[in-house]
Amino acid sequence: EDDQAAAEAEGDLGYDGLRDELRKRKNEALKLILVAAKLIAPAIDRASGKLSGYDWVVEQLNAGNQPALANEMEMAKAIMYLSLKEFDQAIEVLKDFERKEQHLKARAATNLSFLYFLEGDLNNAEKYAEMAVHNDRYNARALVNR
């Protein structure tokens, strides 16, 4: 209502409450899909000990024209590798984000910087911290890693 009043006060007839409602519903649906994907992925193919469920979910999201959700699942896969203490696998997944969008690159670089710091590789930690700050200068985590 405040947005509508502000738009009318400025003489802007472009305010569309329906468009706002559709955007809210779409965002809510995407959040629910992501939660469901995060619940389903670890349960798929548990017997193999690999995270192939994440790969399957990413494929399905890409096939469904949801690359943003697929990227979030790739990040969740890297975090799962970290929780399993499979650092080499996590690094491999996070390095794949270097070729993606700027905000994803910043998130991955922040995680890589911290990983390398924990491993004692200070040169790579500094390199990825700088990359994270370069891609998102307001990223507090990246600034701390720096």
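The number of helices and strands found in the protein is eight helices and zero strands. Beginning at the N terminus, the succession of helices and strands in the protein can be written as α-α-α-α-α-α-α-α. Considering the protein as a whole, with its 146 residues, one finds that 29% of them fall into the buried category. Split by element, the accessible area of the protein, about 9900 Å² in all, is 52% carbon and sulfur.

Taken as a whole and judged by the stated rule, the model has five salt bridges. When the shortest N-O distance is used, the salt bridge between Arg99 and Asp96 registers 3.3 Å.

Below, the discussion takes up the nonpolar core. One recurring pattern in soluble globular proteins: nonpolar side chains tend to sit buried together. One finds Met73 and Leu94 to be the most contacted residues of the largest nonpolar core, which totals 31 residues. Secondary structure elements with two or more residues in this core: α2 (17-40), α3 (52-63), α4 (67-83), α5 (87-95), α6 (102-119) and α7 (122-135). In contact with Leu94, not counting residues within four places along its chain, are Met75, Ala78, Ala108, Asn111, Leu112 and Leu115.

Parameters at a glance
- Within every chain, residues take consecutive numbers counted from 1 along the sequence as written.
- With the structure being a predicted model, the display of local features is reserved for residues of pLDDT at least 70 and the display and counting of side-chain atom pairs for 80 or more, all residues being used for whole-chain, interface and lining totals.
- Derived side-chain values reflect all non-hydrogen atoms in the structure, with water molecules and hydrogen atoms excluded from consideration.
- Per the convention used, a helix needs a DSSP run of H or I reaching at least four residues, while a strand needs a run of E reaching at least two, with both numbered from the N terminus.
- Relative accessible area decides the class of each residue, using a 1.4 Å probe on protein chains only: under 20% of the type maximum gives buried, over 50% gives exposed, and in between gives partly exposed.
- Throughout, the Shrake-Rupley method with a 1.4 Å probe supplies accessible areas, and for residues the shown protein chains are the sole cover considered.
- Salt-bridge detection follows one rule: a side-chain nitrogen of Lys or Arg within 4 Å of a carboxyl oxygen of Asp or Glu.
- Here, nonpolar core refers to any group of buried Ala, Val, Leu, Ile, Met, Phe, Trp, Tyr and Cys residues whose side-chain atoms link them within 4.5 Å.
- Whether two residues are in contact is decided by their heavy atoms, any of which lying within 4.5 Å being enough.

Limitation: the analysis is restricted to geometry and does not speak to function.
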